[in-house]
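Descriptive analysis of the structure
Here's the letter readout for the chains.
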Amino acid sequence: MSSPSFIGWLTALFSSSQGNNSMFLKAVALGGVIGVSALTLFKRTATRAVVRCESGHLIHDHSSSVISRVMLPDDANPGGNVHGGTILKMIDEAGWATATRFFNQGKTGTIGVAGLGRIERVNFHQPMFIGELAHVSAEVTYASAHCIEVTVKVIAENVIADTNRLTNTARLWYIVKEFKENATPEEVGRMSCLQVPKLEFEWAEKEEEGAKRYAAHKRAIKERHELHQNHPVDEGHPVLIHLVLPSDCYKTGVAQAGVILKLMDTAAGVESVRHCRTNVVTASLESITFLQTIYNGNLVELTAKPVFTSNKSMDVEVNVYAIDPRTFERNLAAHSIFTFVSLDKQHRPISIPQLVPQSDNEKVRFNLRKDNYEQRKAERLKKKSNASATTGAKKDVSKLN
């Protein structure tokens, strides 16, 4: 069977499986999609390697990276789409590679390895589907003396329909520490953050914008610290306990931030289902701050608690505790806010049972999240209004022409 006729058969089969809801046909069609996607990925990777290799050396931009892979059935959430935690893990992988590469460009002295310090925000614009090709592109967009800002975009490619969709955007901040073979956790913990290279900007305005984002980043860390000092973290419900294994870690023995992010998304999802009693999906997450390094062999305990509900979304605060198995000392290692949307059986957003805060800490967090929700809502309406105005202006111009 020739390739074009095979793709035509596959498309028809997948369409028929959508109509009669046959799980067997869907599985066969999905297998074909994954096979074609993998073949396409292999061809693209090979082509990219030929173009970007000279004399056995990879030619690349030191301030960017792209990671691509096919979304497989074991990447799915209970609803059948790609698990939000899988996307978060890939975002960190691309960000880590970009920040580490940027630091080590042309290095002859100290070699460094990046570590995720904070995620400012991740937006889930559209779902990613099984069988699609995920392209995660990361770029260094600002560098202070000891901090690297990485901006990430995730594109979903349907190789059958030849379409592309923007599914996620994110902004992450990395620090860099010296890479030493076989360094102990205590040695890594005592290491100072290294000074990072200066990023060259084509326009001064871009550098000024980056400096403003960095100032806002530092301000947000300070405000979050003050919040937790004045209104200590409520632990919430214990949700998950995970033993950090070598497969969860970098070569240094430090746990990959992406692994922790996936666990956090799962914990927040469990608590959202517990509250809504429906299928839920991740809409966004913000201000993930890593307070303590997590190492190979640590136990990780995750707790989650709803802190705010609007009509059709809810915010869940997730706390990650690192436990030393030798002493069972337990320390807060990371925390964040995840926003979820409740869906009906047709995958449409539905109303969420309203949360009634009880304690003073709960009321403070509820009001802060409410203000944040109103601000985001106003920003969305402003963008929508500006987009409508731009579209109207283009139509007027076209009429004149």
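Residues numbered from 1 in each chain as written. Predicted model: local features only at pLDDT ≥ 70, side-chain atom pairs only at ≥ 80, totals over all residues. Heavy atoms only, no water.

Concerning the environment of Leu-245
Locating Leu-245 in the fold gives a position in the loop between β8 (237–243) and α6 (257–276). Accessibility expressed as a relative area gives 40% for Leu-245, which makes it partly exposed. (Helix = DSSP H or I, 4+ residues; strand = E, 2+ residues; numbered from the N terminus. Buried < 20%, exposed > 50% of the residue type's maximum accessible area, 1.4 Å probe, protein only.)

Overview of the packing of helix α3 (residues 84–104) against α6
Viewed as axis vectors pointing N to C, α3 and α6 meet at an angle of 160°, and their least axial separation amounts to 8 Å. Between α3 and α6, the angle is such that the two are roughly antiparallel. Judged by the sense of rotation from one axis to the other, the crossing of α3 with α6 is right-handed. Seen from α3, the contacting residues are Gly-84, Gly-85, Thr-86, Leu-88, Lys-89 and Asp-92; seen from α6, they are Ala-257, Gly-258, Val-259, Leu-261, Lys-262 and Asp-265. For the contact of α3 with α6, the class distribution of residues is four nonpolar, four polar and four charged. (Axes fitted to C-alpha atoms, helices over the stretch in contact; angles between N-to-C directions. Parallel < 35°, antiparallel > 145°, perpendicular 65-115°, else oblique. Left-handed = near helix turned anticlockwise from the far one by under 90°. Contact = heavy atoms within 4.5 Å. Nonpolar A, V, L, I, M, F, W, Y, C, P; charged D, E, K, R; others polar.)

Quick look at the confidence of the model for the protein chain
Looking at the protein chain as a whole, its pLDDT mean stands at 82, while 81% of the residues score no less than 70. Element-level pLDDT for the protein chain is lowest in helix α2 (residues 23–52), with a mean of 42, against a maximum mean of 97 in strand β6 (residues 148–158). When the criterion is pLDDT under 50, residues 1–56 qualifies, and its contacts beyond four places in sequence or with other chains add up to 52 contacts. (pLDDT = per-residue confidence, 0-100.)

Notes on the environment of Gly-210
Mapping Gly-210 onto the fold places it in helix α5 (residues 204–230). Judged by its relative accessible area of 0%, Gly-210 is buried. Gly-210 sits 68 residues away from Tyr-142 along the chain, and the two C-alpha atoms are 5.4 Å apart.

Focus: α6
The terminal C-alpha atoms of α6 lie 28 Å apart, and with 20 residues this matches the ideal 28 Å at 1.5 Å per residue to within 8%. Most of α6 is tucked away, with 14 of its 20 residues classed as buried. Looking one or two places after α6, you find Arg-277, whose phi comes out positive at around 60°. (Expected span 1.5 Å × (residues − 1).)

Things to note about α5
Under the 1.5 Å per step criterion, the end-to-end length of α5 is 39 Å for 27 residues, consistent within 8% with the ideal 39 Å. Within α5, burial applies to Gly-210, His-217, Arg-224, Leu-227 and His-228.

Regarding the nonpolar core
In this structure, Ile-91, Ile-260, Met-264, Ile-294, Val-318 and Phe-338 are the most contacted members of the largest nonpolar core, which totals 63 residues. Contact partners of Val-318, with chain neighbours within four places excluded, come to Met-264, Ala-267, Ala-268, Leu-302, Thr-303, Ala-304, Ala-334, His-335, Ser-336 and Phe-338. In this structure, Ala-183, Met-191, Val-254 and Tyr-295 belong to the second largest nonpolar core, which totals five residues. (Core = buried A, V, L, I, M, F, W, Y, C linked by side-chain atoms within 4.5 Å.)

Observations regarding the side chain of Thr-100
Along the polypeptide, Thr-100 turns up in helix α3. Excluding its chain neighbours within four sequence positions, the residues that come into contact with Thr-100 are Gly-112, Val-113 and Ala-114.

Details of the packing of aromatic side chains
How two aromatic rings sit relative to each other is given by the distance of their centres and the angle of their planes. Scanning the entire structure with this criterion turns up six aromatic pairs. Ring centres of Tyr-142 and Phe-201 lie 6.3 Å apart, and the angle between their planes is 40°; on these two criteria the pair is classed as tilted. In this pair, Tyr-142 sits in strand β5 (residues 133–143) while Phe-201 sits in the loop between α4 (185–190) and α5, placing the two residues 59 residues apart along the sequence. Of the residues examined, Phe-201 reaches a relative accessible area of 23% and is grouped as partly exposed. (Phe/Tyr/Trp six-rings, centres within 6.5 Å; stacked < 30°, edge-to-face > 60°.)

Some words on the sheet that holds strand β9 (residues 279–290)
In space, the 10 strands of this open sheet follow the order β3-β5-β6-β7-β4-β9-β12-β11-β10-β8, with antiparallel pairing throughout. Each edge of the open sheet carries a strand with a single partner, namely β3 (64–70) and β8. Adjacent strand axes in the sheet meet at a mean angle of 25°, parallel and antiparallel pairs treated alike. Contacting β4 (112–124), β5, β6, β7 (163–178), β9, β11 (313–323) and β12 (330–343), α5 crosses the sheet at an angle of about 95° to β5. (Pairing = 2+ DSSP bridges.)

Let's talk about the pairing of β11
The side chains of a regular strand alternate between the sheet's two faces. The buried fraction of β11 amounts to 11 of the 11 residues, a majority that puts the element mostly inside the structure. Side chains Ser-313, Asp-315, Glu-317, Asn-319, Tyr-321 and Ile-323 of β11 all project onto a buried face; the interleaved residues Met-314, Val-316, Val-318, Val-320 and Ala-322 project onto the opposite face, where all are buried too. Summarising the sheet, strand β10 (residues 299–309) and β11 pair through 10 bridges and their orientation is antiparallel. Within β11, the position partnered with Thr-309 by the bridge is Met-314. Hairpin connection between β10 and β11: a loop of three residues separates the two successive antiparallel strands. Bridge count for β11 against β12 is 11 bridges, and the pairing is antiparallel. Looking at β12, one finds that Val-320 is bridged to Ala-334.

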